[in-house]
Each structure stands twice: as structure tokens, then as C-alpha cells.
Amino acid sequence: MSQDFFPGVEGRIPFGGLRSDNPLAYKVYQPDRMVLGKRMEDHLRIAVCCWHSFNWPGSDVFGTGTFDRPWLDPRLDPMIGARAKLEAAFEFFDKLGVPFFCFHDRDLAPEGRTFAETASNLAAIVEAAEGQMARTGVKLLWGTANLFSHPRYAAGAATNPDPEVFAYAAAQVKAMLEATHRLGGANYVLWGGREGYETLLNTDLGHEERQFARFLELVAEHKHRIGFKGTLLIEPKPQEPTKHQYDYDAATVYGFLARHHLEGEYRVNLEANHATLAGHSFHHEVATAVTLGIFGSVDVNRGDYQNGWDTDQFANSVDELSLAIYEILRGGGLTSGGFNFDAKLRRQSLDRTDLFHAHIGGIDTLARALLAAAAMVEAGAIERLREDRYAGWAGDLGRSILSGDALLEVLAGRVATGEIDPRPRSGRQELLENLVNQAIWEVDAAPDRGAAD
Ligand code: XUL
Ligand code: CO
């Protein structure tokens, strides 16, 4: 396998600007550009994921892999393949110029014949990754354990009816949490793809809930035991592969965490198309998580509005992402989280450079959405209209209701005398929608607005 897996791209992807005719240049993304007093790179904290981009051959339920990923050849010694994959992945991260990557244990280190062999494979790859990280300066946004591909997890990992599977999953998460800690990961993610049910006829919902809560308690306990300072994140998804997943959406996850007194230990990693599958907009999911105090990180991608499954396409809508980023900025911005491209190429995107085109487009979309969201924050008009809508709550009546002084009897008395006689007011939705478009168009017209001096 070649030393240089992406010879079609020489060196770092440059910034070309909006008029650039170089398809392998950023049109908007400039890591050092200042936006609201912070570097663009620090606002977005972009990551590439290893699973779709390096460990998926381009297969679908009807067909085999189509991509040129020589390290996935089953005739190859799995560890030789794993090392070649790691090198190609770091060459890609470095040329793309992103600060972070993310991986599942099994994306980079193959499962062995025994747990001990698997653990030693992971340890060897973690050591190699450490070297690549030192060489390139690319950091780990988060690690996670694959608790869904192996047949042992067909009926769930933490929520499996067999406690031995629970124990096996616990051992796997312990190893990956420690690997993430060793690599200085900023977060650790738990996505429960098989934590749910296929049929209620064979499922003890209450028992599985207790198991799941216990699993999360044990992971949090181990995090503190080893001194891992990163954030634990749960990634909500309503279904697929399981018919129903317990971590349905941000609100469901919050309810579960609060019921088990775990809301101080976990936040959420929100994925754009998981929101769509749950019947929400991504804007809704981000706003809900920020409001509940559990917003953590983002898996950025998009679905297809005609398909009911997780198409994991690269994000390309500034309109949609600018609203989500607006909520993130209102909430104070990202802390340990980032924007991870949990997105995959289409099966016909066969050229090695297609992986660059996909990420460049997604990153520019994020950058543009950030500029639009920053313009909304700076103009302040949307926030002022929202505040004005609730202004009554700062008055005597509003305060007495919320403080608990005004009982129903008191309120009813004031209404009965005619002292309280509310008049409906406009919600100004169309005006607000125009202000959002104005911010987006303003960035179109003056792309350097907010740029560093
Ligand atoms: C699956 C998904 C996962 C998680 C990590 O839909 O999003 O890739 O992000 O396990
Ligand atoms: Co994801």
C-alpha cells in the first residue's frame, strides 16, 4: 500500500475564497478568521469520523463495497490492514487541516479471536495513533465502543436479556474509555444502536431500563476512577438498527438521566439526521438540549426528506445549520464538543478525492452557517423580539405568578373584576423568518463581514 494514499491532493487544502475555481480549496472556511471574538476553528472544532470515511467499503443492503479501501481486503492480515488504514486516515486529516478525529474501537483495531487478543490489537493501534497525533497535531474529539456490529449484541449490549453480554459490553467500554483517556480525548460517546427492542412481546421494559441506568452509572464511576476529564455523551436516535431505541431524542434522554440522577454526568451528542428521524428539526433538538443544560456535541450530516432511514449525507444546507448554530451560540458556544462529520459518501463516489470534496463542502457549509448565525447574534433583533414577547413576566403579575404568591384564587379574583383582560399579540413569525434570511443574505453579500482585522 502506498505511503501516500491521496496523491491527488498535495499538501494542506488551501483557502481559495468564493471566487476560487479550485474544487480542492475552501470557499469560506478559514481556521484563523475571527467570528464574535473567537477563531472559526475554535467555534466549530471540526472532526472527521473513521467509520464511514475509512472503515466502510461502500456496501448497502443490496450490494457489496464499491470503494477503493485496500486495507479492508479480507485476505490481508487484519493488523497490517489496520496500520495502513490509520496512516491513510491521518494523511487525510492532515491534508484537510481539521483539528479533530473520532473513532469506534473496532474502526481502527480489529476484533481478535479472544478478548485478550482484541485488547492487545486496540493497545497496539492506540500506540500508533498516539504517534500519528503527535506528528500531525490532530486531536481526538471523542472515542466510542462499537456495541452493535458483533452478533453477541443482536439483542442489545447494556439492555441485553443475558447479563454475560452486559458484562462483555462493560469490559469493552472500559477498554475504550481508557484508550480515549490515554489519547487525551475531549469526550466519550455512547450510542445505543441496539439498546431498544424489536418486539415488546419478548421485552421487559422495566428491567432493561434498570440495566441501562446501571450501565451508565458504572461508566461514570469508571470515568472518575481513572481521572478522565472529558465529557460523557449519549447520542440520541429513535430507531435504526433497532425498531425502537431508548435514547429516542434529547428530551427522552434528559428524562431518563433525571429519573436516574445521572443528569450531572452525561450530556448529548446530537446528530442532525437522528433529529429528522425522530420527527424533529435539528434546530429543535439543539434548542431543547441547550435549554435542558445537556447540550454537548454534534454529529453533523443530513438525511433525505424522501427516505425514512439514516442516509448520513454530508451537510449542505446553510439555512438549516445556521439555526442550529444560532442556538449553540445563544447557549455560550461549544465547550468540549465539536462538529463531527458522521457522514458518508454516496456509493458511486469512487474517486479518492471524493472524500475531500465531501468534507470540503460540509466544512464550508458549517463555516457559512456560523457566519450567518453570528450575524443574527450581532444584529440582536431576533433576541430582542423574543425578549419583548415575554416582557410581561418581568412585571408584578408575572413575578407574583412565578414566585408562587399568586394562587389560582387570587388570579381568578383579578380576572373576575376585569383588572386582568389580556389582548392577543402577534408572534411575528414571518418577521422573524425574514430576519433569519436577512442574516444569511447579508453574509452572501458581504462574505468578509466579521473577518479578522
Ligand atoms: C449511528 C451513529 C453512530 C454514532 C457512534 O447512526 O450515528 O455512528 O455516532 O456510534
Ligand atoms: Co452519529
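Whatever comes next refers back to the structure up there.
Residues numbered from 1 in each chain as written. Chains lettered and ligands numbered in written order. Predicted model: local features only at pLDDT ≥ 70, side-chain atom pairs only at ≥ 80, totals over all residues. Heavy atoms only, no water.

K.L.:
I tried to follow empty space enclosed by the protein on my own but got confused; where do I start?
P.N.:
Empty space left among the atoms is revealed by rolling a probe the size of a water molecule over them. Inspection of every chain in the model, using the stated rule, returns 4 cavities of 30 Å³ or more. Quantified by volume, the largest cavity comes out at close to 140 Å³. Leu-147, Leu-190, Trp-191, Gly-192 and Glu-195 are the residues nearest the centre of the largest cavity, which is lined by 19 residues in total. Going through the elements one at a time, strand 6 (187–190) and helix 7 (205–226) are the ones with two or more residues in the lining of the largest cavity. A per-class count over the lining of the largest cavity returns 13 nonpolar, 3 polar and 3 charged. Each pocket or cavity is described by its volume, and for the second largest cavity that value is around 50 Å³. Every residue lining the second largest cavity is listed: His-43, Leu-44, Ile-325, Ile-328, Leu-329, Gly-333, Leu-334, Phe-339 and Leu-370. Elements represented by at least two residues in the lining of the second largest cavity include exactly helix 1 (40–44) and helix 11 (318–330). Looking at which element gives the most residues to the lining of the second largest cavity, the answer is helix 11, with 3 residues. (1 Å grid on protein atoms, 1.4 Å probe; cavity = no way out; pocket = protein on both sides within 12 Å on 5 of 7 lines; lining within 4 Å. Points joined across faces, edges and corners; volume = space filled by probe spheres on them. Helix = DSSP H or I, 4+ residues; strand = E, 2+ residues; numbered from the N terminus. Nonpolar A, V, L, I, M, F, W, Y, C, P; charged D, E, K, R; others polar.)

K.L.:
Hey, could you run me through the coordination of the cobalt ion (ligand 2) in this one?
P.N.:
By definition of the ideal shapes, a tetrahedral metal site with four donors has angles of 109.5 degrees and an octahedral site with six donors has angles of 90 or 180 degrees. The protein atoms that coordinate the cobalt ion (ligand 2) are Glu-235 (OE), Glu-271 (OE), Asp-299 (OD) and Asp-342 (OD), at distances of 1.9 to 2.1 Å. Within one chain, the residues serving as donors to the cobalt ion (ligand 2) are arranged as E-x35-E-x27-D-x42-D. Of this pair, Glu-271 sits in strand 10 (residues 266–271) while Asp-342 is found in the loop between strand 12 (339–341) and helix 12 (352–379), placing the two residues 71 residues apart along the sequence. For the pair Glu-271 and Asp-342, a shared accessibility class is recorded, and that class is buried. (Donors = N, O, S within 2.8 Å, 3.2 Å for Na, K, Ca; no water. Buried < 20%, exposed > 50% of the residue type's maximum accessible area, 1.4 Å probe, protein only.)

K.L.:
Before we go on, may I ask you to explain the sheet that holds strand 3 (residues 46–49) in this structure?
P.N.:
What links the strands of a sheet is backbone hydrogen bonding, and the strands pair in either a parallel or an antiparallel sense. Taken together, 8 strands build a closed barrel; the order of strands is 3-4-5-6-8-10-11-12 and the barrel is parallel. Between one strand axis and the next, the sheet turns through 30° on average, direction left out of account. As paired strands, strand 10 and strand 11 (residues 295–299) are joined by 4 bridges and run parallel to one another. Note that in strand 11 the partner of Asn-269 across the bridge is Ser-297. Contacting strand 4 (100–104), strand 5 (139–144), strand 6 and strand 8 (231–234), helix 6 (residues 163–182) runs over the sheet at an angle of about 155° to strand 6. Of the strands in this sheet, strand 3 and strand 12 are in contact with helix 12, which crosses strand 12 at around 155°. (Pairing = 2+ DSSP bridges. Axes fitted to C-alpha atoms, helices over the stretch in contact; angles between N-to-C directions. Contact = heavy atoms within 4.5 Å.)

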